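In case you want the letters, here they are:
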Amino acid sequence: ILAIHLAKRKRDPHAFDLGELAKVTEGFNGAELEQVVAGGLFAAFDVGRELQTGDLLAAAAETRPLSRSRAREIAAMTTWAQGHAKMAS
């Protein structure tokens, strides 16, 4: 997903450490990953240089994904679904 958002903004995904970024952004949803890219671009632009992996890592560090901030609610929904919902195939 990060590669898609980088390419969408005319940045070569291969120029970034996507493996490290994937580790740091584990649990992020697509919209949160898009915000990491946007935040990194703003930070790089603010200092007058091209986007770097460090900009993305810094933006990720400033983001608290819903999977962490709403973990209790997600766990409750998962527990409820296990007993009440049919698995999609």
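Reading the values: rules and limits
Residues numbered from 1 in each chain as written. Predicted model: local features only at pLDDT ≥ 70, side-chain atom pairs only at ≥ 80, totals over all residues. Heavy atoms only, no water. Core = buried A, V, L, I, M, F, W, Y, C linked by side-chain atoms within 4.5 Å. Buried < 20%, exposed > 50% of the residue type's maximum accessible area, 1.4 Å probe, protein only. Helix = DSSP H or I, 4+ residues; strand = E, 2+ residues; numbered from the N terminus. Contact = heavy atoms within 4.5 Å.

Residue-level account of the nonpolar core, with values.
Leu6, Phe16, Val36, Val37, Leu51 and Leu56 are the most contacted members of the largest nonpolar core, which has 14 residues in total. For this core, the secondary structure elements donating two or more residues are helix H1 (2-8), helix H3 (30-46) and helix H4 (53-61). The element that contributes the greatest number of residues to this core is H3, accounting for five residues. Ignoring any residue separated from it by four or fewer positions in sequence, one finds Val36 in contact with Phe28, Leu56, Ala59, Ala60 and Thr63.

Got a sec to walk through unusual backbone geometry? Specific residues and values, please.
Unlike most non-glycine residues, Lys10 shows phi in positive territory, near 60 degrees. Its place among the elements puts Lys10 in the loop between H1 and helix H2 (18-24). A residue is classified by how much of its surface remains accessible, and Lys10, at 74% relative accessible area, is exposed.

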